[in-house]
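# Summary of the model geometry
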Amino acid sequence: TTSTSTTSTSTTSTSTTTSTTTSSVPCRPVHDGTGDLKSFCPGETPRARGCNYSDTAKVRKAFANFMFPYCGATCLFDFDNSSISFNWDPFDHCWRRHLEGPCGPPGERALVRKRRTLFC
């Protein structure tokens, strides 16, 4: 990120500031999670589903946009609403909405929130 800031002051004590920010890193397009999902993790197939059918679209969009901290994580973060997260249910083989406080350690949540800022 490159920032340029110029300030000029006249004799009437008025000040004008101009700031221009440019970035050499392009933003990532947001994937809606429909269609075939590619796997970000070796050996895993992206057949994500919510334990509650109504959560499946959110779960698939979260996977399509890499809203998990690392491969094998048991916590998945909603792409559109940072207060929603999901835990992997190993018995039903689905993602269950996390209902008690935030999912995962603070460092994992921060990593995913930072990753979210890279999207257009």
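Here, every reference points to the structure presented above.
This report concerns the structure included in the present document. As the structure is a computational prediction, the values presented were derived from the model and not from experiment.

On to the side chain of N65. Residue position: N65 is located in the loop between α1 (56-64) and β3 (75-77). When near neighbours in sequence (up to four residues on either side) are disregarded, N65 contacts P29, V30, H31, F79 and F119.

Overall, the coordinates contain five salt bridges when judged by the stated rule. Across the pair R97 and D55 runs a salt bridge whose closest N-O atoms are separated by 2.7 Å. With R97 in strand β5 (residues 94-97) and D55 in the loop between β2 (15-22) and α1, this pair connects stretches of sequence that are 42 residues apart. Among the residues examined, D55 registers a relative accessible area of 5% and is labelled buried.

Turning our eyes to something else, we now look at the sheet that holds strand β4 (residues 85-89). Read from one edge to the other, the open sheet built from three strands follows the order β3-β4-β5, with strand pairing classed as antiparallel. If you trace the sheet from one side to the other, it starts and ends with β3 and β5, each paired once. Across the sheet, the mean angle separating the axes of adjacent strands is 35° when strand polarity is ignored. Where β4 lies against β5, four bridges are found, and the strand directions are antiparallel. Bridge assignment links D89 to a residue of β5, and that residue is C94. Sheet contacts for α1: β3, β4 and β5; angle to β3, the most-contacted strand, approximately 90°.

Formed by 18 residues in total, the largest nonpolar core has its most connected members in V59, F63, M67 and L76. Those elements giving two or more residues to this core turn out to be α1 and β3.

With that settled, consider the packing of aromatic side chains. Tallied over the entire structure, the rule returns five aromatic pairs. Relative to F68, the ring of F63 has its centre 5.2 Å away and its plane inclined at 45°; by these criteria the two rings are tilted. Residue classification places F63 among the buried residues on the basis of a relative accessible area of 17%. Three or more aromatic residues joined by ring pairs make a cluster, and in this case those are F63, F66, F68, W88 and W95. Here R116 stacks its cationic end above the ring of F79, 3.9 Å away from the centre of that ring.

Further remarks concern the state of the cysteines. Summed over all chains, the structure comprises three disulfides. Two residues, C75 and C103, share a disulfide whose sulfurs are 1.7 Å apart. Of this pair, C75 sits in strand β3 while C103 is found in the loop between β5 and α2 (106-116), placing the two residues 28 residues apart along the sequence. Accessibility classification places C75 together with C103 in one group, the buried group.

Analysis parameters
- Residues numbered from 1 in each chain as written.
- Predicted model: local features only at pLDDT ≥ 70, side-chain atom pairs only at ≥ 80, totals over all residues.
- Heavy atoms only, no water.
- Helix = DSSP H or I, 4+ residues; strand = E, 2+ residues; numbered from the N terminus.
- Contact = heavy atoms within 4.5 Å.
- Salt bridge = Lys/Arg side-chain N within 4 Å of Asp/Glu carboxyl O.
- Buried < 20%, exposed > 50% of the residue type's maximum accessible area, 1.4 Å probe, protein only.
- Pairing = 2+ DSSP bridges.
- Axes fitted to C-alpha atoms, helices over the stretch in contact; angles between N-to-C directions.
- Core = buried A, V, L, I, M, F, W, Y, C linked by side-chain atoms within 4.5 Å.
- Phe/Tyr/Trp six-rings, centres within 6.5 Å; stacked < 30°, edge-to-face > 60°.
- Lys NZ or Arg CZ within 6 Å of the ring centre and 35° of its normal.
- Disulfide = S-S within 2.5 Å.

Purely geometric numbers; function is a separate question.
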